[in-house]
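So you can see what is in the structure, the chains are spelled out below.
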Amino acid sequence: MNVRLKSVEKYYGKFRALGAINLEINDPGIITILGPNGAGKTTMLKVMTGLSKPRKGIVEIDGNNIFEDRKKVLMKMGTLVEQPEFYTYIKGREILSFSASLKGISGEEMKAEIERVVAATGSNDFLDKKVGKYSRGMKQRLGIATALIGDPEILILDEPTFGIDPMGSLEIRELIKNLNSRKEKIIIFTTHVIEEAIKLSDRIIILNNGLIEYDASNGGEYTLLKISGEIGDIPPGYKYTRISENEYIFEVREEEIPEFNRKITKAGNIKYIEKSSMVEETIRKISVKNLKNS
Amino acid sequence: MSSNFFKVYFHYLKNYYRSRSFYIILIITILASIIISYLTFRYSGKINNLIPSKLSSLSKVSDESLILYLWAYIMSSLPVFSSVFFSSPAISSEMENRTAFYIFTQPVDRTVLILGKYFAAVTATIISILVYIIAELISIEAVYGFIEVNPFILSLLMLVLFIFAISALSFLFSSLFDKNMYAYISTFVTYFIIFYSANIALYLLYSYNAFFLLNNASTIIERVYININPTLFVSNFSLNPAGIHDVILSGTVFIFYTIVSLLLTFLIVEKKEVK
């Protein structure tokens, strides 16, 4: 199970939505795509789900090109792209049955599957009403429920907590966490809430102006440690930037910080350590850059 | 493929027959049925008295044939309105209402989706016109005691083929746009302005009967009773029913429109971007 984007470029007229994106997702887990509005998050998901064809590049899901084997790929995928809309005169339960039947689920198995996704998304109360009477939040829950039908190997969720009240958002986050508990699925979701991304993700990708600005590869998020002082021998194996004669910024994985602290204290006379999240730092830089360019 | 086709077909049919559009077209059909039924009952045996003196040759035609011609004349226009309601927004509404994000990410070929929705739209159109056909049968049976089966069946067969053709053409227009309004306008303008003006212009300028235009071909629905083409200013019309050659020609035109429009729709939708 993997997702691969090779040199994917997408333009809307002259506007570059995605610029030569290379991305490989080989391991299960939660992969969050973060970025400001217009960064290309939703476009990336549209390309992954075959809704939008790139000008250049290849999109492969499990070795299959989405635009050549669309049906085969979508069989393994659950998607929620943009704010979901459904046919006004159809009931929520009928939509779930329809999605289940297209995934080859029928009879008692279908009933059980619908009950499972309904319980997971808390959509039981409104499922027998026609969609035309649904609120934004109800449609969002139904959208997540349809994505979960068939227990897909790959889940693509575009801002899944959008339009849902704070309690509901918490439930959805818990649901995503639970879906990831056995680390069997690739769950790709977009958000613009940094805390949500940091709390949930195994890997964070930050997009800006259609380009990947940051990709914390599998294995945890990097923390930036600003060190001030005289350092003799720099401990090997750490990426760093020297910002002035006595100031350095190290990129260290969260779980390696105690070990790093031990090594760096041994290496010199450390006066000051400032800690910040790499994701927060990148987002801050992007915001400043975008503000300057606007 | 066939099992997915039926799943899609029933899913869309449900959405069609529960929709407000379905009931609006049903009311229009019922109103038309009431008016023509009233005419049938009120003027049975006196219909020839209503014909203007310039059209006195029509008085040679049987009362029943004239009434059946009138029923069929109205019937041939009903599918145009139904298809505007059901088929014109078929694909554009998926874009405008953003349901495309859901439906195009389901594991089903887009061709199957379109075909399922197309047959659902055709079914909804036939169901809505069924009221009119039943009213016609009841009125003719009540007034004349019998109905000539052959022209009646032929007229219905042509009606069904016309529904397939006009729905396919509406699907084609719908696939070109992302806004319902453009799809509605295109269908109406093409059928009522472009087809009609081309038909009349070709006839008046070159005495050419543009049999290949859908509006012209649709007149076969009433011409199986009396061979008068209401879309042309023809003085030398025949009071006999249209011949089998005309029926085959019109049937071929309907089939041609259906196949070509659907194939083009499949191609366009297959490449369609969901923005």
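For the structure, see preceding data.
Residues numbered from 1 in each chain as written. Chains lettered and ligands numbered in written order. Predicted model: local features only at pLDDT ≥ 70, side-chain atom pairs only at ≥ 80, totals over all residues. Heavy atoms only, no water.

**Points about the environment of Asn227 of chain B**
Residues and elements named next belong to chain B.
Part 1 of the reasoning: Turning to its location among the elements, Asn227 is positioned in the loop between helix H11 (220-223) and helix H12 (244-271).
Part 2 of the reasoning: Along the primary structure Asn227 and Thr29 are separated by 198 residues, whereas in three dimensions their C-alpha atoms are 25 Å apart.
Part 3 of the reasoning: Here Arg223 takes part through its side chain, which lies 3.0 Å from a polar atom of the side chain of Asn227. (Helix = DSSP H or I, 4+ residues; strand = E, 2+ residues; numbered from the N terminus. Polar contact = N/O pair within 3.5 Å; in protein donor to acceptor, adjacent residues only side chain to side chain.)

**Considerations on the side chain of Ser218 of chain B**
Residue and element names in this part refer to chain B.
Part 1 of the reasoning: With respect to the helices and strands, Ser218 occurs in helix H10 (residues 214-218).
Part 2 of the reasoning: Judged by its relative accessible area of 4%, Ser218 is buried.
Part 3 of the reasoning: If sequence neighbours within four positions are ignored, Ser218 has contacts with Ser76, Phe162, Tyr191 and Phe254. (Buried < 20%, exposed > 50% of the residue type's maximum accessible area, 1.4 Å probe, protein only. Contact = heavy atoms within 4.5 Å.)

**Some points on unusual backbone geometry**
Part 1 of the reasoning: The phi dihedral of Ala20 of chain A falls on the positive side, at around 45°, and the residue is not glycine.
Part 2 of the reasoning: Here Ala20 of chain A shows up in strand E2 (residues 15-25).
Part 3 of the reasoning: At Ser207 of chain B, a position not held by glycine, the phi torsion is positive, near 50°.
Part 4 of the reasoning: Looking at the element boundaries, Ser207 of chain B is found in the loop between helix H9 (180-206) and H10.

**Comments concerning the sheet that holds strand E10 (residues 211-215) of chain A**
All names here are of chain A.
Part 1 of the reasoning: Spatial strand order, E6-E7-E8-E3-E9-E10: six strands in an open sheet with mixed pairing. Of all strands in the sheet, those bounded by a partner on one side alone are strand E6 (77-80) and E10. Averaged over neighbouring strand pairs, the angle between their axes works out to 15° when direction is ignored.
Part 2 of the reasoning: Where strand E3 (residues 29-34) and strand E9 (residues 203-208) come together, four bridges link them in parallel fashion. Counted as the bridge partner of Leu34 is Ile206 from E9.
Part 3 of the reasoning: Lying over the sheet, helix H5 (residues 136-148) contacts E6 and strand E7 (154-158), oriented at roughly 165° with respect to E6. (Pairing = 2+ DSSP bridges. Axes fitted to C-alpha atoms, helices over the stretch in contact; angles between N-to-C directions.)

**Concerning the environment of Ala32 of chain B**
All names here are of chain B.
Part 1 of the reasoning: Relative to the elements of secondary structure, Ala32 occurs in helix H2 (residues 20-42).
Part 2 of the reasoning: The exposure class of Ala32 is buried, given its relative accessible area of 15%.
Part 3 of the reasoning: Each C-alpha atom of the pair Ala32 and Tyr132 lies 7.5 Å from the other, and the pair is 100 residues apart in sequence.
Part 4 of the reasoning: Once residues lying within four places of it in the same chain are set aside, the contact partners of Ala32 are Ile74 and Tyr132.

**Structural notes on the packing of helix H3 (residues 92-102) of chain A against H5 of chain A**
Residues and elements named next belong to chain A.
Part 1 of the reasoning: H5 packs onto H3 with a crossing angle of 20° between their chain directions and a minimal axis gap of 9 Å. By the angle class used here, H3 and H5 are roughly parallel. Read as a crossing pair, H3 and H5 show a hand that is right-handed. Taking contact as the criterion, the partners of Gly92, Ile95, Leu96 and Ser99 in H3 are, on H5, Leu142, Ala145 and Thr146.
Part 2 of the reasoning: By residue class, the composition of the contact of H3 with H5 is four nonpolar, three polar and no charged. (Parallel < 35°, antiparallel > 145°, perpendicular 65-115°, else oblique. Left-handed = near helix turned anticlockwise from the far one by under 90°. Nonpolar A, V, L, I, M, F, W, Y, C, P; charged D, E, K, R; others polar.)

**Focus on the environment of Ala217 of chain B**
All names here are of chain B.
Part 1 of the reasoning: In this fold, Ala217 is placed in helix H10.
Part 2 of the reasoning: Spatially, the C-alpha atoms of Ala217 and Glu64 are 23 Å apart, while their sequence positions differ by 153 residues.
Part 3 of the reasoning: Discounting chain neighbours no more than four positions away, the residues touching Ala217 are Phe211, Ser250, Val253 and Phe254.

**Side note on the interface of chain A and chain B**
Where the parts come together, the accessible area they lose is often given as the size of the interface.
Part 1 of the reasoning: Taken together, the 31 residues of chain A in the interface contact 30 residues of chain B.
Part 2 of the reasoning: Buried surface at the junction of chain A and chain B, summed over both partners, amounts to about 3000 Å²; 57% is from carbon and sulfur atoms.
Part 3 of the reasoning: If you sort the residues of chain A by the area they bury against chain B, Leu51, Tyr87 and Tyr89 of chain A come out on top, with a joint share of 27%.
Part 4 of the reasoning: Lys14 of chain B is the partner of Glu94 of chain A in a salt bridge, and the nearest nitrogen-oxygen pair spans 3.9 Å.
Part 5 of the reasoning: Seen at the junction of chain A and chain B, the total is 16 residue pairs in polar contact (both at pLDDT 80 or more). (Buried area = accessible area lost by both parts, 1.4 Å probe. Salt bridge = Lys/Arg side-chain N within 4 Å of Asp/Glu carboxyl O.)

**Overview of the pairing of strand E13 (residues 247-253) of chain A**
Residues and elements named next belong to chain A.
Part 1 of the reasoning: Taking burial as the measure, the seven residues of E13 include five buried ones, the bulk of the element.
Part 2 of the reasoning: Judged from the seven bridges that link them, strand E11 (residues 222-231) and E13 form a sheet pairing that is antiparallel. Counterpart to Leu225 in the pairing with E13 is Phe250.
Part 3 of the reasoning: The sheet contact formed by strand E12 (residues 239-244) and E13 spans five bridges and is antiparallel. In the sheet register, Arg242 faces E13, and the bridge partner there is Tyr248.
Part 4 of the reasoning: Where E12 hands over to E13, the hairpin turn is made up of two residues, counted between the paired strands.

**Thoughts on helix H3 (residues 63-75) of chain B**
Residues and elements named next belong to chain B.
Part 1 of the reasoning: Its 13 residues give H3 an end-to-end C-alpha distance of 18 Å, which sits within 8% of 18 Å, the value for a rise of 1.5 Å per residue.
Part 2 of the reasoning: Burial within H3 is extensive, with 10 of its 13 residues counted as buried.
Part 3 of the reasoning: Within the span of H3, buried status applies to Asp63, Glu64, Ser65, Leu66, Ile67, Leu68, Tyr69, Trp71, Ala72 and Met75.
Part 4 of the reasoning: Check the buried side of H3 and you find it contacts H2, helix H4 (78-86), helix H7 (110-144), helix H8 (149-176) and H11. (Expected span 1.5 Å × (residues − 1).)

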